[in-house]
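# Reading the structure
So the chains spell out like this:
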Amino acid sequence: MSMLRTLIPFDIAGGMALTGKYFGKVFFSANRKKIRTQLKHFTQEYPEVKVNLAPRYRGRLTLLKDEQGEIKCVCCLACEKICPTEVITIEKGKKEGRKMPFPVRYDFEMERCIFCEFCVESCGFDSIILNHQFELATYNREDFSIGMEGAGQNMFIPSPVGRHSVAED
Amino acid sequence: MPTQAIPMTLTQTLIMGVIQILAVLIVIFIIVPLTTFAERKVIGYIQVRLGATRLAGGHVGITGPMNRIMWGMGKVPMLSILRGLPIFIADALKLITKEDIIPAKADRGVFTLAPIISVMAAFGVFACVAYYPGVMFYMPKSWPVIGGLPFQGFITDVNVGLLFILGLASVGVYGIVLGAWASNSKYPLLGSLRSAAQIVSYEVPLTLSLLVPVLLSGSLSFKDMSVALSTGKDLNPLAIIPLFIGFFVYLTCGFAETNRVPFDLAEAETELVAGFHTEYSGMKFGFFYLAEYANMIVVSSLATAFFLGGHYLLPFGLQRFIPATMPIIGGPSFFFFFAKILCILFVFLWVRATLPRYRYDQLMDVGWKYLIPLTLVNLFLAAIIRFAF
Amino acid sequence: MFKNEEMEINLGPQHPSTHGVLRVKLRLDGETVTHCTPVIGYLHRGVEKICENKTYFQGQVWTDRMDYVASISNNLGWAEGVEKLFGIEVPRRAKYIRTMLTEQNRLASHLLWLATHALDIGAMTVFLYAFREREYLLDLFEAFCGARLTTTAFRIGGLREDLPPGFIKKAQAFQDLFLDCVDEYETLLTENRIWKKRTIGVAKLNAEDCIALGVTGPVLRAAGVPYDIRKAFPNAAYAEMDFEIPTRTEADTYARYLVRLAEMRQSHRIIQQCIDGLPEGPVMAKIPKILKSEVNEVYHPIEAPKGELGYYFVGEKGGLNPYRMHVRAPSFVNLQALPKMIEGRLLADVIAAIGTLDVVLGEIDR
């Protein structure tokens, strides 16, 4: 019997049958709508089809404003202190007609950020979030230094959803 | 079959020869890139993904707007199977335009010669492969010199064609060994030593398994053998047993001869980086690539002609049960041959996606301890069937 | 005239199958390895030293980046080690969720091991089948903590947030399909003659050598020693779970393959128990805003997918940072066994041995 098993490769035939089964399934389902089941292919056609992100996805740091368009941040420096990679630098200042301290400068070095969300967790005023942007590449190193001003990516783009991403909720 | 019926002058012979060679070369140069495309697609589908999709299936072209609409609906575009098709043109362009690097310490002459040897050996074999046993069509009468001449399904019919094929095919290993040695690098050296040992040991069972059809058909000419074996007129009914075993042994050895998985030790990607062609780039690498795929086509052609019934429908000489008078399936057709080649090429890709790789010593074990005894027994069986019954 | 020379060859640091930047100096006689020296340190970032300069809260993000395919296990070790140092008791629900996520992470890590190990030996399809299931798990991690790889999943004292809505349903959906997927890998590999030839009897390391070299994890269990920290020193909620420790006695690559597959089934079982018996309640203990330690030292081992992962903390009086922090990284210790496994064997076995040790260079070099 073992001789027969050596001569006739049932083991290899089993593996070939499995891969052949998947070939057939994908071949006949390649044109159809992609459903995430075992039967279909798993390719996500990313730039064309948007990516589903979980609601808790940790993307780029964003400074929030309240309904009046005022910056919510009150310069408690909690985020600056907790940040493990020290990417946040805040300069305290005053602004006319505002009781709370006002951030004159809120700099964020994105190239060192590790997206751990400790800053958001430490913030007692809900004034920062990590949005859902994950396409953060730029052509220049300077573009990673994000501040309150600046043309490229500045801290006020509050888009919770990136250009190629869709939040699940 | 009227092969030599029409007497030809020397000029006519030469021109027809060139035309037929060109025809075969063009077919190869179409099939090889398509095989590389199919390789991406087939392995992609087996691995539950889509394979190459970025070319001709994206935003541009005729299907662009439609695709964008379908993506907008969260669906995959129609014609997914053909998306990415122009990638074979892109592959070729990349290989041709890429910088051709010769390492500083390499032996320049041999380094350049090696891929040429490989590709010559691989293409030379096609001279004796018969895709159709006879005249495929006649040249139009109105054409100047060659009007009315037959276009045959083979370039030439040598009476020891099989020996020629086997001999030339084993020259290919020189390309690998010389190229690896000339690149003066360690990983290629290991790859080439493996390849040399592997091809030398697998020549034996390969040839022994091909002796079964030789014995059963009583000829060494490619054309005569394929006709005798596929029509099965003079074959003993029991001949199907040695042919069947011989087919699988031959295919196994063919995998080894062409350095394909599970015998791809010479280039074993995860062990030797890229094996013998680690130092090659540009079109020199392209030649090795071309030679590998041309060899795959040769192996498929031989398996088709000798075991799978060649240009007839049914394999293993079973064609005799179909009367020759039946409309399509009764007679020979070039398309049967072609379809069978494609099927075997598919098996090449299928196996590549499924099986792990043998180790060097185990490869030798399989060759010498299993395949050679098996082929000898098989040959003995064929001899008994041929002469005793 | 006929000089017998050995060839020295560098496997790595840029090589398709050294799983990162491992460099192995090999001396070859033909294809036989006569001498082998692993060279490490190409990915050294000084994680331990960095952690000594960060607070106990901040240090956790560095553990993500050690064994980056099993970051939740590392998080668990860090969080529990610090909790042990400060004597914090974690709520039961948090323990269950931690256990569930750690086991899912063990599955993800073992799937990655299976994928790369099979790819190294040449079976390329298993790679993508395993990644398909891993994708589900990464989606689950993303739903829970917002990141797929560098999770920073837990907090000292429990969890930052409870499970997101729908998490249990998705986890259960994964549970339902996973065992069939393991069967698929087994169809492709377990009985396959080439796989068996490549793995049976290869890279043997018997129990005495394992213990002498400090090797832990599936490599030790494949040598017949049923040592598993989840049973030996139960942490998280493992004491309440019902599972077995799969062992084999062959101590070769094939045995390790079978042990890891059996572990995947056991992990599946543990996750199911966590889902079924998930208690209600808070997920975060009451802890002070700033943790200041006393003079104290703590060693906390957990069972990471690769073996015993231990965190050693020394606290100083009133310190916000650990005075000394050390990680006993399983990959680092297991890699010691590599020369013992492969000397005198063939070059192809080196690949199988590196694969079967399941090393992650981020953890070795730290």
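Residues numbered from 1 in each chain as written. Chains lettered and ligands numbered in written order. Predicted model: local features only at pLDDT ≥ 70, side-chain atom pairs only at ≥ 80, totals over all residues. Heavy atoms only, no water.

## Some words on the packing of aromatic side chains
Residue and element names in this part refer to chain B. Summed over the entire model, instances satisfying the criterion amount to 31 aromatic pairs over all chains. Plain terms: the ring middles of Phe244 and Phe248 are 5.2 Å apart, the flat faces sit at 70 degrees to each other, and that makes the pair edge-to-face. On the criterion of helical spacing, the pair formed by Phe244 and Phe248 is a turn pair, its members being four residues apart in helix H8 (residues 240-257). Ring-pair connections join several aromatic residues into one group, and the members of that group are Phe244, Phe247, Phe248, Tyr250 and Phe307. (Phe/Tyr/Trp six-rings, centres within 6.5 Å; stacked < 30°, edge-to-face > 60°. Helix = DSSP H or I, 4+ residues; strand = E, 2+ residues; numbered from the N terminus.)

## Here's the deal with the packing of helix H5 (residues 161-182) of chain B against helix H10 (residues 282-306) of chain B
Residue and element names in this part refer to chain B. Relative to each other, H5 and H10 sit at 155 degrees, their axes nearing to 12 Å. Comparing their axes, H10 and H5 come out roughly antiparallel. The hand of the H5/H10 crossing is left-handed. Touching Leu162, Ile165, Gly175 and Ile176 of H5 are Phe288, Leu302 and Phe306, all from H10. Its residues assigned to classes, the contact of H5 with H10 comprises six nonpolar, one polar and no charged. (Axes fitted to C-alpha atoms, helices over the stretch in contact; angles between N-to-C directions. Parallel < 35°, antiparallel > 145°, perpendicular 65-115°, else oblique. Left-handed = near helix turned anticlockwise from the far one by under 90°. Contact = heavy atoms within 4.5 Å. Nonpolar A, V, L, I, M, F, W, Y, C, P; charged D, E, K, R; others polar.)

## What about the interface of chain C and chain B?
Listed as interface residues are 36 residues of chain C and, on the opposing side, 29 residues of chain B. Across the interface of chain C and chain B, roughly 2,800 Å² is buried in total on both sides, 62% from carbon and sulfur atoms. For the interface between chain C and chain B, the tally reads two salt bridges. On inspection of chain C and its partner chain B, the count reaches ten residue pairs in polar contact (both at pLDDT 80 or more). (Buried area = accessible area lost by both parts, 1.4 Å probe. Salt bridge = Lys/Arg side-chain N within 4 Å of Asp/Glu carboxyl O. Polar contact = N/O pair within 3.5 Å; in protein donor to acceptor, adjacent residues only side chain to side chain.)

## Focus on the nonpolar core
If you look at the biggest cluster of nonpolar residues, it comprises 138 residues, and the most contacted ones within it are C:Leu26, C:Phe144, C:Phe167, C:Tyr185, C:Leu189, C:Tyr257 and C:Leu338. For this core, the element with the most residues is helix H4 (residues 92-121) of chain C, which contributes 13 residues. Counting contributing residues, this core receives three or more from each of domain 1 (1-43) and domain 2 (51-167) of chain A. When neighbours within four sequence positions are excluded, C:Tyr257 is seen to be in contact with C:Trp113, C:Leu114, C:Tyr185, C:Glu186, C:Leu189, C:Thr190 and C:Trp195. (Core = buried A, V, L, I, M, F, W, Y, C linked by side-chain atoms within 4.5 Å. Buried < 20%, exposed > 50% of the residue type's maximum accessible area, 1.4 Å probe, protein only. Domains from an automatic or database assignment.)

## Digging into the UniProt feature "transmembrane region" (unreviewed entry) in chain B
Residue and element names in this part refer to chain B. The positions UniProt marks with the feature "transmembrane region" (unreviewed entry) are residues 12-32, 109-132, 160-183, 195-216, 236-256, 293-314, 334-355 and 367-388. As annotated, residues 160-183 comprises 92% helix and 0% strand, and the C-alpha atoms at either end are separated by 36 Å. Taken as a whole, residues 367-388 contains 100% helix and 0% strand, while its terminal C-alpha atoms sit 29 Å from one another. (UniProt positions renumbered as here; feature names shortened; annotations may be inferred.)

## Some details on the pattern of salt bridges
Pairs may arise between side chains of opposite charge once their charged atoms sit close together. All names here are of chain C. Tallied over the entire structure, the rule returns 46 salt bridges over all chains. Here Glu83 and Arg98 are joined by a salt bridge, their closest N and O atoms 2.8 Å apart. Here Arg98 lies in helix H4 and Glu83 lies in helix H3 (residues 71-86), a separation of 15 residues in the sequence. Just as Glu83 is buried, Arg98 falls in that class too. Look at the salt bridges and you will find they share partners, linking Glu103, Arg106, Arg221, Asp228, Arg230, Glu263 and Glu303 into a network.

## Brief notes about the sheet that holds strand E3 (residues 32-39) of chain C
Residue and element names in this part refer to chain C. One open sheet accounts for three strands, arranged E1-E2-E3; its pairing is antiparallel. What marks the edges here is a single partner per strand, and that holds for strand E1 (7-11) and E3. Across the sheet, the axes of successive neighbouring strands diverge by a mean angle of 20 degrees, strand direction being ignored. Sheet topology places strand E2 (residues 23-29) next to E3; seven bridges connect them, and they run antiparallel. Bridge assignment links Val24 to a residue of E3, and that residue is Pro38. Of the strands in this sheet, E1, E2 and E3 touch helix H14 (residues 347-357), which is tilted by about 155 degrees from E2. (Pairing = 2+ DSSP bridges.)

## Observations concerning the side chain of B:Arg260
All names here are of chain B. Assignment of secondary structure puts Arg260 in the loop between H8 and helix H9 (269-272). Looking at Arg260, its side chain comes within polar contact range of the side chain of Glu39, at 3.0 Å. Residues in contact with Arg260, not counting those within four places in the same chain, are Glu39, Phe255, Glu292, Tyr293, Met296, Phe348, Leu349 and Arg352.

## Observations concerning the UniProt feature "transmembrane region" (unreviewed entry) in chain C
Here the UniProt-annotated "transmembrane region" (unreviewed entry) positions come out as residues 111-131 of chain C. Helix makes up 90% of residues 111-131 of chain C and strand 0%, whereas the separation of the span's terminal C-alpha atoms amounts to 7 Å.

## Looking at the pairing of strand E7 (residues 307-315) of chain C
Residues and elements named next belong to chain C. For E7, the buried fraction is high: eight of the nine residues fall into the buried class. Turn length for the strand E6 (residues 296-304)-E7 hairpin, with the two strands adjacent in sequence and antiparallel, is two residues. Across six bridges, the pairing between E7 and strand E8 (residues 322-328) is antiparallel. Looking at E8, one finds that Gly310 is bridged to Arg328.

## Quick notes on unusual backbone geometry
Phi at B:Val48 is positive, roughly 45 degrees, even though this residue is not glycine. Within the secondary structure, B:Val48 is located in the loop between helix H1 (10-46) and helix H2 (64-72). Even without being glycine, C:Ala203 reaches a positive phi, approximately 55 degrees. Its location among the elements puts C:Ala203 in the loop between helix H7 (193-199) and helix H8 (207-213). Using a relative accessible area of 0% as the deciding quantity, one classes C:Ala203 as buried.

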